[in-house]
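Chain and residue survey
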Amino acid sequence: MKKGISWVLMLSLCLALLCVPAMAEGTYTPGTYTGVSSGHEDGLSVTVTLDENSITEVTVDVSNETPLIGGVAGEELAAQILAAQGTEIDGVTGATETSGGVRRALADALAQAQGSAAVAEKTPVADGSFKGTAPGFGLVSQMTCEVSFENGAMTDIKVVEESDSQTGEWFASAEELLIPRLLAEQSLGVDAITGATASSNGIKNCVAKAIDAAGGVADEWYTPVEKSDSTVVIDGYDVIVVGLGGSGVLSYCAAADQGASVFGIEAAGKIGGNSVCTYGPMALNSEYLKNLFNNGEDYIDPDEVYQVWIDYVESEEKADIISEAVYSSGKSLDYYVENFGFEFEGRGLLGSFVIPSWDKEWCVYSADPDTGWNILGPNKTFQFLRAMDIAMAKNEKNTYMTELTGEKLIFDDAGKVIGVQARYYDGTTYEIYGDTVILATGGFLGSSEMMMEVYGSNINAMGDTVNDGTGIRMGQSAGGATYMLRTMPMVHISQVANLIRTDDLTADQKAVLTALALTTDMPMVTTQGEAWGNTNQSGTTDEKVSVEIVFAPDFMYYNIYTQADIDSIRENGLSEAQAGATSMFLSQGGVLPEVGTPVADIDEILSVGAEFKDVLIADGIEALADQIGCDAAVLSETLGGVETTYYAVPCTSWCYGTVGGLDVDINMNVLREDGTPIENLFAVGQDSEGVCNIDGKAYTPWGGQAQSWTFVSGKIAGTAAAAYAMD
Ligand SMILES: Cc1cc2nc3c(=O)[nH]c(=O)nc-3n(C[C@H](O)[C@H](O)[C@H](O)COP(=O)(O)OP(=O)(O)OC[C@H]3O[C@@H](n4cnc5c(N)ncnc54)[C@H](O)[C@@H]3O)c2cc1C
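This structure is a prediction, so every number in the text was calculated from the model and none was measured.

Basis of the calculations
Starting from 1, residues in each chain are numbered consecutively following that chain's sequence as written. Only residues with pLDDT of at least 70 are given local features in this predicted model, and only at 80 or more are side-chain atom pairs given and counted; all residues enter the totals for whole chains, interfaces and linings. Remark: hydrogens and water are excluded; side-chain values derive from all non-hydrogen atoms of the structure. Aromatic rings from Phe, Tyr and Trp, with only the six-membered ring used for Trp, were paired whenever their centres fell within 6.5 Å, and each pair was classed as stacked if the ring planes differed by under 30 degrees, edge-to-face if by over 60, and tilted otherwise. A run of H or I in DSSP counts as a helix once it spans at least four residues, and a run of E counts as a strand once it spans at least two, with each numbered from the N terminus. Any residue under 20% of the maximum accessible area for its type is buried, any over 50% is exposed, and the rest in between are partly exposed; the area is computed with a 1.4 Å probe on protein chains only. Counted as over-ring charges are cases with an Arg CZ or a Lys NZ within 6 Å of the ring centre that also lie within 35 degrees of the ring normal. A helix is expected to span 1.5 Å for every residue after the first. Residue contacts are defined here by distance: any two heavy atoms, one from each residue, within 4.5 Å place the two residues in contact. We call a residue near a molecule or strand whenever a single non-hydrogen atom of that residue lies within 4 Å of it. Each polar contact in these results corresponds to two N or O atoms within 3.5 Å; when the atoms are within protein, one needs to be able to donate a hydrogen and the other to accept it, and residues that are neighboring in sequence are counted only if both atoms are side-chain atoms. To be clear on the numbers: accessible area is Shrake-Rupley with a 1.4 Å probe, and residue cover counts the displayed protein chains and nothing else. Here the rule is simple: two strands pair whenever DSSP picks up at least two bridges between them. Structural elements are reduced to axes, namely lines fitted to C-alpha atoms, with helices fitted over the stretch in contact, and the angle between N-to-C directions of any two is expressed from 0 to 180 degrees. A residue's pLDDT is the predictor's confidence in that residue, given on a scale from 0 to 100. A side-chain nitrogen of Lys or Arg and a carboxyl oxygen of Asp or Glu constitute a salt bridge if their distance falls within 4 Å. In this description, a nonpolar core means a group of buried Ala, Val, Leu, Ile, Met, Phe, Trp, Tyr and Cys residues linked to one another through side-chain atoms lying within 4.5 Å. With respect to orientation, any angle under 35 degrees is reported as roughly parallel, any angle over 145 as roughly antiparallel, any angle of 65 to 115 as roughly perpendicular, and every other angle as oblique. Crossings are classed by handedness, with left-handed meaning an anticlockwise turn of the near helix from the far one by less than a right angle and right-handed meaning a clockwise turn. Three classes are used, and their members are as follows: Ala, Val, Leu, Ile, Met, Phe, Trp, Tyr, Cys and Pro are nonpolar, Asp, Glu, Lys and Arg are charged, and the others, Gly among them, are polar. Here the positive residues are Lys and Arg and the negative ones are Asp and Glu; neither His nor the chain ends is included.

Examining the packing of aromatic side chains
The relation between two aromatic rings is expressed through the spacing of the ring centres and the mutual angle of the planes. In total, this model carries 26 aromatic pairs according to the counting rule given. Taking the centre distance of 6.3 Å and the plane angle of 70° together, the rings of Phe149 and Trp221 count as edge-to-face. In this pair, Phe149 is assigned in strand 6 (residues 143–150) and Trp221 in the loop between helix 5 (197–213) and strand 8 (231–242), connecting sequence segments 72 residues apart. Each of the two residues, Phe149 as well as Trp221, counts as buried. With 6.2 Å between their ring centres and 40° between their planes, Tyr306 and Tyr327 make a pair best called tilted. With Tyr306 in helix 8 (residues 302–313) and Tyr327 in helix 9 (residues 319–327), this pair connects stretches of sequence that are 21 residues apart. Look at Tyr306 and you get buried, because its relative accessible area is 19%. Assessed through its relative accessible area of 31%, Tyr327 is described here as partly exposed. Among the aromatic side chains, those forming a connected cluster through ring pairs are Tyr288, Tyr335, Tyr336, Phe340, Phe342, Phe344, Tyr365, Phe384 and Phe711. The residue whose ring lies beneath Lys122 is Trp221, and the NZ or CZ to ring-centre distance is 4.0 Å. Here Lys397 stacks its cationic end above the ring of Tyr237, 4.5 Å away from the centre of that ring.

Some points on helix 10 (residues 329–340)
An ideal rise of 1.5 Å per residue puts 16 Å on twelve residues; helix 10 measures up with 16 Å between its terminal C-alpha atoms. Buried residues dominate helix 10, accounting for nine of its twelve residues. Ser329, Gly330, Ser332, Leu333, Asp334, Tyr335, Tyr336, Val337 and Phe340 are the residues of helix 10 that are buried. Check the buried side of helix 10 and you find it contacts helix 6 (246–257), helix 7 (287–293), helix 9, strand 11 (362–363), helix 11 (381–392) and helix 20 (705–726). Gly341 sits one or two residues past helix 10 and shows a positive phi near 75°.

Considering the site of the ligand
Taken together, the neighbourhood of the ligand is formed by 38 residues, with Ser247, Glu266, Ser275, Gln686 and Gln707 sitting nearest. Gly406 has a polar backbone atom sitting 2.9 Å from a nitrogen atom of the ligand. Separating an oxygen atom of the ligand from a backbone N or O atom of Gly704 is a distance of 3.2 Å. Within the complex, 98% of the 1000 Å² of free accessible area of the ligand lies under protein.

Considering the sheet that holds strand 6
The strand order across the open sheet built from three strands is 5-6-7, with neighbouring strands paired in antiparallel fashion. Edge positions in the sheet fall to strand 5 (128–134) and strand 7 (153–161), since each of these pairs with one other strand and no more. This sheet shows a mean twist of 25° between the axes of neighbouring strands, independent of strand direction. Of the pairings in the sheet, the one linking strand 6 to strand 7 comprises seven bridges and is antiparallel in character.

Here we look at the pairing of strand 2 (residues 31–37)
Pairing of strand 2 with strand 3 (residues 44–50) involves seven bridges; the strand directions are antiparallel. In the strand pairing of strand 3, Gly31 is matched with Leu50. Connecting the antiparallel pair strand 2 and strand 3 is a turn made up of six residues, with Gly43 showing a positive phi of about 80°.

A look at the confidence of the model for the protein chain
The predicted model of the protein chain has a mean per-residue pLDDT of 91, with 93% of residues at 70 or higher. Residue range residues 1–24 is modelled with pLDDT below 50. Its contacts to residues more than four positions away, or to other chains, number 54 contacts. Across residues 538–545, where pLDDT falls below 50, the model places 17 contacts with residues more than four positions away in sequence or in other chains.

Remarks on the pattern of salt bridges
Scanning the entire structure with this criterion turns up 16 salt bridges. The closest approach of N and O atoms between Asp257 and Lys394, which form a salt bridge, is 3.1 Å. Here Asp257 is found in helix 6, whereas its partner Lys394 is found in the loop between helix 11 and strand 14 (399–401), with 137 residues between them in sequence. Assessed through its relative accessible area of 36%, Lys394 is described here as partly exposed. One salt bridge in this structure joins Glu453 and Arg473, with 3.1 Å as the shortest N-O distance. Remark: Arg473 occurs in helix 13 (residues 470–477) and Glu453 occurs in helix 12 (residues 448–455); sequence separation between them is 20 residues. Note on Arg473: relative accessible area 33%, which makes it partly exposed. If you follow the salt bridges from partner to partner, you end up with Arg103, Arg104 and Asp219 in one network.

A word on the pairing of strand 15 (residues 404–411)
Taken together, the seven bridges between strand 15 and strand 16 (residues 417–424) define a ladder with antiparallel strand orientation. Counted as the bridge partner of Leu409 is Val420 from strand 16.

Notes on the environment of Ile666
On the secondary structure map, Ile666 appears in the loop between strand 25 (661–662) and strand 26 (669–671). As for Ile666 and Lys318, which are separated by 348 residues in sequence, their C-alpha atoms are 8.6 Å apart. Ile666 has contacts with Asp320, Ile321, Glu324 and Ile716, leaving out every residue within four places of it along the chain.

A word on the nonpolar core
Note on soluble globular proteins: their nonpolar side chains tend to be buried together. Ranked by size, the top nonpolar core spans 178 residues in total, and within it Ile203, Trp309, Phe342 and Phe344 carry the most contacts. Once residues lying within four places of it in the same chain are set aside, the contact partners of Phe342 are Leu250, Tyr288, Tyr336, Val337, Tyr365, Gln383, Phe384, Arg386 and Ala387. One finds Val48, Val60, Ala109 and Leu110 within the second-largest nonpolar core, a separate group that totals 24 residues.

Describing the packing of helix 9 against helix 20
Helix 20 packs onto helix 9 with a crossing angle of 110° between their chain directions and a minimal axis gap of 9 Å. When the axes of helix 9 and helix 20 are compared, the pair comes out roughly perpendicular. Here helix 9 runs over helix 20; the crossing is right-handed. Contacts from Ile321, Glu324 and Ala325 of helix 9 reach helix 20 at Ser708, Trp709, Val712 and Ile716. When its residues are assigned to classes, the contact of helix 9 with helix 20 shows five nonpolar, one polar and one charged.

Topic: the environment of Asp235
The residue Asp235 is located in strand 8 in this model. For Asp235, a relative accessible area of 54% puts it in the exposed group. For Asp235 and Met282, which are 47 residues apart along the polypeptide, the C-alpha to C-alpha distance reads 37 Å. Among residues more than four places away in sequence, those in contact with Asp235 are Lys397 and Tyr433.

Considerations on unusual backbone geometry
Positive phi, normally seen in glycine, also occurs at Asn285, with a value near 50°. Here Asn285 lies in the loop between strand 9 (262–265) and helix 7. Residue Glu403 is not a glycine yet carries a positive backbone phi of 60°. Relative to the helices and strands, Glu403 resides in the loop between strand 14 and strand 15.

Here we look at the side chain of Asp687
Along the chain, Asp687 falls in the loop between strand 27 (677–683) and helix 20. Salt bridges are absent for the buried Asp687, whose nearest opposite-charge side chain, Arg473, sits at 11 Å. Within the structure, Asp687 has its side chain in polar contact with the backbone nitrogen of Thr441 (distance 2.6 Å). Residue contacts for Asp687: discarding those within four places in its chain leaves Leu439, Ala440, Thr441, Gly442, Gly443, Gly471, Ile472, Gly661 and Leu662.

Take a look at the structure:
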């Protein structure tokens, strides 16, 4: 989305000295220092270059924060640091967590330069219970924690209000794993739980506010937590699976079913990955589904699906694999139902998104009987956990670890893959050795670097950002080639650029902001200032489908309103198209006013929207072009040269994950550039889904195909890896 995410602001020493009062000689040891902290997300850093007495250069890297808001905040905060020559900065409205994180990262860097790593003594906190509220991952309300203090220490942390758990199943891992660590370490410097960063940082930010409320100073509670530098060696596995989302668990099960010993490596605090947010997979003529929902009869013509698919990818190069993806989809599902307890009784058979005659094509997971559904779909982690229990019982050596991040492949002297190096959350290095490795890390949505490399642009993440391309990079390190890496990322959702998770606007006001972003009856303008329309490049149907936004430059466009349009909304209300706009999954619980009902608070909505960078307000075309970053002449032509006050509301893509990955053959063996297989290295799920797709088009949009690939590729790879290892 935004190209420049870190900003280097240079100021000459002489200018800096003019601006700030002279400081005592020798405050700092001159040099460059980097401090790290967290804001809404992890991995925020501030790098300062110092002479003896002053800050001469600042780099603020907030690339992990929400792209638009974090981006602008970084620029402003870097300027504030230079002006203040220290941590006494005002911060940026609409980016409280980012501002706080930048302040702490700066304090860390300056402390290093002063040779004083941590605060010696904390400001006392009162005994008793105190509350703090901050945004978590939840869409409809903030999170509140109650923290108890006794004799200057935190004795208990309770999350007393939250909506995070309604958006998926990750919140539980943040709550269960993080809170005991915060209490044990008595520090907010504890890392967020991988895979639940926003919920974890939400808890930490609530606790920080409770510390302040108890009379303490939260910034003093970020004592760095020491990491282990030990190494653990684990040897003798047949199969190592990196990533235990859908395709990883299914590979693990298939390998275990052959009697292989299997070690699973999962970076997040829980297994399941993106696969636990889905509705479910495509499965053609599965016996189980036929019997459940179609009186034992076939419900789709697989030959037709195969032909449509081959036509869609415009090539027969991977016809053998596409044939498997079609003809084995039902059988693969049946295999996991029979052997590993999977259930898909959720909602019957669903029709294809794009081919109306395929009215029974995919299915929905059964929900956890205890916890039911979350807003993304059925709670289903229990199904993956149950499958892993069954798989582990097949060989006493079988095991897996969560919070263990695969980092790189280990090779022998001849260049053969012999294992995986991974890092546990506490810093311990693990060297795990085995005969075969299956890469199942879910693509590269979480790597801004790879997104920029592949698409020249970043995108808002709706899916897991733990999936940062590590599996693909590992495959490449072994000489593996990629295939259709430029298949368009999976997008079904448009929404404002920066979700406002605070209560600066009410839910109904947030709904109006969403409507302004999503409507289709205003001039739509690309980041290059040109007119943007629905061009149906996805090759699906003539209907306006949300995947189309993925074809807009930088995965976004602006809806442009003139002052007259806004005056009309204030007096006459929203248009029919505006009042009909909703964002799948990412609506924030508000209700839009009926068509014709004046929106009296439109100015407040726009002005708060502007603070959160969800609205650009500009006097005239040139000023608007400047804010969008496009050529004023181009924009002027698009807008017909009319000079007025403009309101540009960005509409952005929210992405599930990437699609293109490593090149594989029919066994899911990773292929080298010359087409030869790397015999003991396999790639599944989104790490190899390019083989079903084509560069420049939306991923095969039938309905449930991405999940279906986890079943098909997982079964093939698990079986093949076990066979190779045990031969
Ligand atoms: C909200 C949402 C709804 C969706 N709905 C559907 C749907 O209804 N139907 C459909 O077909 N598809 C759907 N999809 C897409 C589908 O979920 C994915 O295509 C599929 O889950 C991919 O499976 P995977 O195994 O490749 O990745 P994942 O299931 O995401 O698994 C990857 C795993 O690897 C782990 N990992 C990443 N890096 C490392 C590392 N370095 N070391 C160790 N572990 C690592 C991750 O934590 C994760 O657990 C949806 C996606 C989202 C986000």
